[in-house]
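Results of the structural survey
The primary structure of each chain is shown beneath.
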Amino acid sequence: MPSEKPSKTRKEFIVGAAAAVAAAAAAWAKISPGKKTASSPAKSAPERRGHRWGMVIDLDRCTGCQACGVACSVECNMMLGTPEEASLGRVIRWLKILPETTIRDGRVRQSLKPMLCQQCDDPPCVHVCPVSATFLSPEGIVGQVYARCIGCRYCVNACPYTCKFFNWDEPQWPQDVRMPFNPDVSVRYKGIVEKCLFCHHRLQRAKDKAREENRELREGDYTVACQTVCPTQAIAFGDLNDPKSDVAKLAASPRARRLLEELGAEPKVIYLQEVS
Amino acid sequence: MSQSIAADLTAVGHSQAIDMERVEEAVLKPLVNPAGWRFAAFAWLLAAVFATGLAAWAWQIHKCLGVTGLGVPIFWGTYIINFVWFIGISHAGTLISAILRITDAAWRRPFTRIAETITIASLPFAVTCVIVDLGRPDRLLNVLLYPHMTSPLLWDVCCITAYFITSCLYFYIALIPDFATCRDRLAGKVSGWKEKLYRWGAFGWKGTEAEVRVHRGFMTALSIVLLALVVSVHTNVGFVFGMTSKPGWHTAVIGPYFVIGAAFQGLGALSFFIVLVRRAFHLEWIIPEEGLQQLRKFFLALTCFWGYFTGAELLTTFYGQHTAEMAVFNAKWFGQYSVSFWAMIAGCFFIPFYLLVTGRKNIERNLLWAGFIGNIGMWLERYTIIVPSGSRPFLPWGIGHYALSMVEWAIFAAWVAGFFLVFFLFARVLPMLTIWEIEEA
């Protein structure tokens, strides 16, 4: 019958077209270097060359003593803050303990998390900055250019972890607090955004030292302040791209997870916690 | 076209066809007559409020944003709300004049100039709101020196700049023939600087056929460009919020929702000012009631659109039951922000809806109030979009509180006063009705 023929060809055409589209899509997926989808922290490591600095925090070891927060404040010349500023949430601490209260099976559970910039591989704050004042360094540290920031606070809003901070007032330091400022870390001023930089001044020092000694950077050369003071050694820090490093091994643990993983920001701070 | 206007006039009790001599005289009267002490007092009051706000801004620049009520985790407040709100008001002009000019709706003719004046008067205040919100306004130029094109804020800069320039051009080009009318009719009757303004503004306009042809062609082309810009501007303002993953902001509907909200708000502002100008300058016979009835229907349609978008957005959020989204949702419906939320629903939908549906008889009063309340409702809408989302971050950092500080109130009041002041001063210098368009009818 004549009516059958065109319908058959139409069907063939559709099938053929669908196959062609599928083939093209497959080819595109293969050649395009596009973003990887849902990857575990350990798996995504080998895809990048060079260093990829990351942190692992073992919540089963953390006692919530806040030594990390104190070390961070001293190391990075944090503002002191007044009680009035504290009541408005304006005191800046790059590392803070986040208390989380959950109720499970009628029991109240309190958990404590040391929270710092999660150093995302796909940082939402970097995308939204209108003046490129915040950026992702080739070694995976999210940086902030204080001298360029216009203080629009868009990045602060875009950060799902609320780990960027705005200087609402000119920070005040009494003279005796000014004396022991860390000379390696710039002092911030009013109207700009700041954040944890993974003690990148220590990375500069470590690199200088390695260059002097004419060698490559080794595991343990570059440490961060919060890690070094942790009394329970709950914080590990190092190169996630180095499969032999502590952080890379810990990141592969079945206890490893990242906060708000579903948002796809690919953070490089990994939390270890037994799931009960 | 002249038939419909004549019909309008018949409807409001005028039997003879429109007389251009009389129209020109009536429209140009406010430009000639001295303002009177009441206007002067009002203008000085507005100027004083504006000056106070400028002083508050100077104080804020000196002390930085600590003088606001903002903190963690509510990082954006009144200034950003006002920015979105003023952009919404500015949509009056372009919406009415561009859409209605393209579709050649006859009833628009007496409205277009007022609409465009609202745009020109509100846009500078919208833009400066963002500058007031900056922690380092002295580094504003960095936006041009180091532009980062993936930032929705920069898309805004581009769109709003284009919008402002095109709006100014549109406003001015529509004014050229009227400047010429002023030049010809008001010579010797007004003060020297006004005469100079009209002479230069008219740009040697003689009203020849060729001039008129070019003028009309340009107006149509600009209308089309402006229409695209109007949509892009408020979509992008919505994108500033929608592109982040923040609960309550991250929704695909936010772009179109902002456009509809702005159109609603702009029409509200227009209704308000039309009634004001009509009353103050006794122009009832040129702005016929029939036109106000059309405006009422258009406004009513947009009120319904606003309700539809709001309903769609709320139902989607509620049905999804996403934990972080629901925290914001509950804060709006039942919690901390329920007063502003329900006031917004009333102010943006129920009250204007009621006033407009029942407004056939008391058209002037109802339009004025619907426009006024609709605009307050839209301020609350921007508030309930921006602040509750800030107060409920993903992680349990604690619930944020935000109350406007005195500095914020002062700047808010100043910007509103400044907008009114610019509008009223324009009304004393420029003809508030588009004479050539009425003539054309």
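Heads up: the structure comes first, above all this text.
For the structure given in this document, a descriptive report is provided here. (Residues numbered from 1 in each chain as written. Chains lettered and ligands numbered in written order. Predicted model: local features only at pLDDT ≥ 70, side-chain atom pairs only at ≥ 80, totals over all residues. Heavy atoms only, no water.)

Focus: the sheet that holds strand E8 (residues 235–239) of chain A
Residue and element names in this part refer to chain A. Going by this rule: Two strands are counted as paired when DSSP detects at least two bridges linking them. Numbering of helices and strands starts at the N terminus; helices are DSSP runs of H or I of at least 4 residues and strands are runs of E of at least 2.
Read from one edge to the other, the open sheet built from four strands follows the order E8-E1-E10-E9, with strand pairing classed as mixed. Both edges of this open sheet fall to E8 and strand E9 (256–257), since each of them pairs with a single strand only. In this structure, E9 lies alongside strand E10 (residues 269–272), joined through two bridges in antiparallel fashion. Following the sheet pairing, Ala-256 is matched in E10 by Leu-272.

Examining the interface of chain A and chain B
The criterion, for reference: Contacts are assigned to residue pairs with any non-hydrogen atoms lying within 4.5 Å of each other. Values labelled buried area give the accessible surface lost by two parts on being combined, using a 1.4 Å probe and summing over both. What counts as a salt bridge is simple: a side-chain nitrogen of Lys or Arg found within 4 Å of a carboxyl oxygen of Asp or Glu. Two N or O atoms count as a polar contact when they lie within 3.5 Å, although within protein this holds only if one can serve as hydrogen donor and the other as acceptor, and sequence-adjacent residues are included solely when both atoms are side-chain atoms.
On the side of chain B, 43 residues touch chain A, which itself brings 42 residues to the contact. Summing both partners gives a buried area of about 3,600 Å² for chain A against chain B, and 60% of it is carried by carbon and sulfur. Looking at the side of chain A facing chain B, the largest losses of area belong to A:Tyr154, A:Asn157 and A:Trp168, adding up to 20% of the total buried there. Where chain A packs against chain B, one counts one salt bridge. Across the salt bridge formed by A:Arg153 and B:Asp133, the nearest N and O atoms sit 2.7 Å from each other. Applying the counting rule to chain A against chain B returns 28 residue pairs in polar contact (both at pLDDT 80 or more). If you list the elements that add at least two residues to the side of chain A that touches chain B, you get strand E2 (96–104), helix H4 (124–128) and helix H5 (154–158) of chain A.

Looking at the pattern of salt bridges
To keep it simple, the criterion reads: We call a residue buried when its accessible area falls under 20% of the maximum for its residue type, exposed when it is over 50%, and partly exposed in between, using a 1.4 Å probe and counting protein chains only.
Going through the model one piece at a time under the given rule, you end up with 31 salt bridges over all chains. One salt bridge connects A:Asp60 with A:Arg255, and the closest N-O pair in it is separated by 2.6 Å. Here A:Asp60, found in the loop between strand E1 (53–58) and helix H2 (67–75), pairs with A:Arg255, found in the loop between helix H9 (246–251) and E9; they are 195 residues apart in sequence, far enough to count as distant. When its relative accessible area of 21% is taken as the criterion, A:Arg255 is described as partly exposed. Of the charged contacts in the structure, one is a salt bridge between A:Arg215 and A:Glu213, with a shortest N-O distance of 2.8 Å. Look at A:Glu213 and you get partly exposed, because its relative accessible area is 42%. When salt bridges that share partners are traced, they join B:Arg101, B:Asp104, B:Arg108, B:Arg109, B:Glu116 and B:Glu437 into one network.

Some details on the state of the cysteines
All names here are of chain A. Note the following rule: Whenever a pair of cysteine sulfur atoms sits within 2.5 Å, that pair is classed as a disulfide.
Counted under the stated rule, the structure contains zero disulfides over all chains. With no disulfide of its own, Cys-72 has Cys-76 as its nearest cysteine by sulfur position, at a separation of 4.9 Å. Using a relative accessible area of 10% as the deciding quantity, one classes Cys-72 as buried. Here Cys-230 is not disulfide-linked; the sulfur of Cys-65 is the nearest cysteine sulfur, at 6.3 Å. According to the relative accessible area criterion, Cys-230 is buried, its value standing at 14%.

Focus on a nonpolar patch on the surface
Inclusion rule: The residues that make up patches have over 30% relative accessible area and no salt bridge, and they are joined within 9 Å when like-charged or within 5 Å when they are Val, Leu, Ile, Met, Phe, Trp or Tyr. Areas reported as accessible are Shrake-Rupley estimates using a 1.4 Å probe. Residue values count occlusion only from the protein chains shown.
A grouping of B:Leu141, B:Leu144, B:Leu145, B:Tyr146 and B:Val157 is seen on the molecular surface, where their side chains present a nonpolar patch of about 490 Å² in accessible area. Mapped onto the fold, B:Tyr146 is located in the loop between helix H6 (142–145) and helix H7 (152–186).

Observations concerning the environment of B:Leu140
All names here are of chain B. In this fold, Leu-140 is placed in the loop between helix H5 (112–133) and H6. A relative accessible area of 34% means that Leu-140 is categorised as partly exposed. In this structure the C-alpha to C-alpha distance between Leu-140 and Ile-351, which are 211 residues apart in sequence, comes to 41 Å. Apart from residues no more than four positions distant in its own chain, Leu-140 is found in contact with Ile-131 and Leu-134.

Things to note about the packing of aromatic side chains
The geometry of an aromatic ring pair is captured by two quantities: the separation of the ring centres and the angle between the planes. Residues and elements named next belong to chain B. Condition: Classification of ring pairs uses Phe, Tyr and Trp, with its six-membered ring standing for Trp, and accepts pairs whose centres are within 6.5 Å; under 30 degrees between planes counts as stacked, over 60 as edge-to-face, and the remaining range as tilted. Cation placement over rings: the criterion is NZ of Lys or CZ of Arg within 6 Å of the ring centroid and within 35° of the ring normal.
Here the structure, examined in full by the defined rule, presents 52 aromatic pairs over all chains. For the ring pair Phe-125 and Trp-415, a centre distance of 6.3 Å and an interplane angle of 75° mean the geometry is edge-to-face. Of this pair, Phe-125 sits in helix H5 while Trp-415 sits in helix H15 (residues 406–429), and the two are 290 residues apart along the sequence. Both residues of the pair, Phe-125 and Trp-415, count as buried. Their ring planes at 65° and their centres at 5.6 Å tell us that Phe-419 and Phe-420 sit as a pair that is edge-to-face. The same class applies to Phe-419 and to Phe-420, which are both buried. The positively charged end of Arg-22 is found above the aromatic ring belonging to Trp-285, 4.2 Å away from the centroid. Between Arg-382 and the ring centre of Phe-258, over which it is positioned, the NZ or CZ distance is 4.4 Å.

Structural notes on the packing of H5(B) against H15(B)
A pair of packed helices can be characterised by two numbers: the angle between their axes and the separation between those axes. Residues and elements named next belong to chain B. What counts, and what does not: Axis lines are fitted to C-alpha atoms, over the contacting stretch for helices. Their N-to-C directions set the angle, which ranges from 0 to 180 degrees. These descriptions rest on fixed angle ranges, namely under 35 degrees for roughly parallel, over 145 for roughly antiparallel, 65 to 115 for roughly perpendicular, and the rest for oblique. Working rule for handedness: look at the near helix, and if it is turned counterclockwise from the far one by less than a right angle, call the crossing left-handed; if clockwise, right-handed.
At a closest axis distance of 9 Å, the pairing of H5 and H15 adopts a crossing angle of 150°. Considering the angle they form, H5 stands roughly antiparallel to H15. H5 and H15 meet at a crossing whose hand is right-handed. In this structure, H5 contributes Ile-114, Thr-117, Ile-118, Ile-120, Ala-121, Ser-122, Phe-125, Thr-128, Cys-129 and Val-132 to the contact, and H15 contributes Ile-411, Trp-415, Gly-418, Phe-419, Val-422, Phe-423 and Phe-426.

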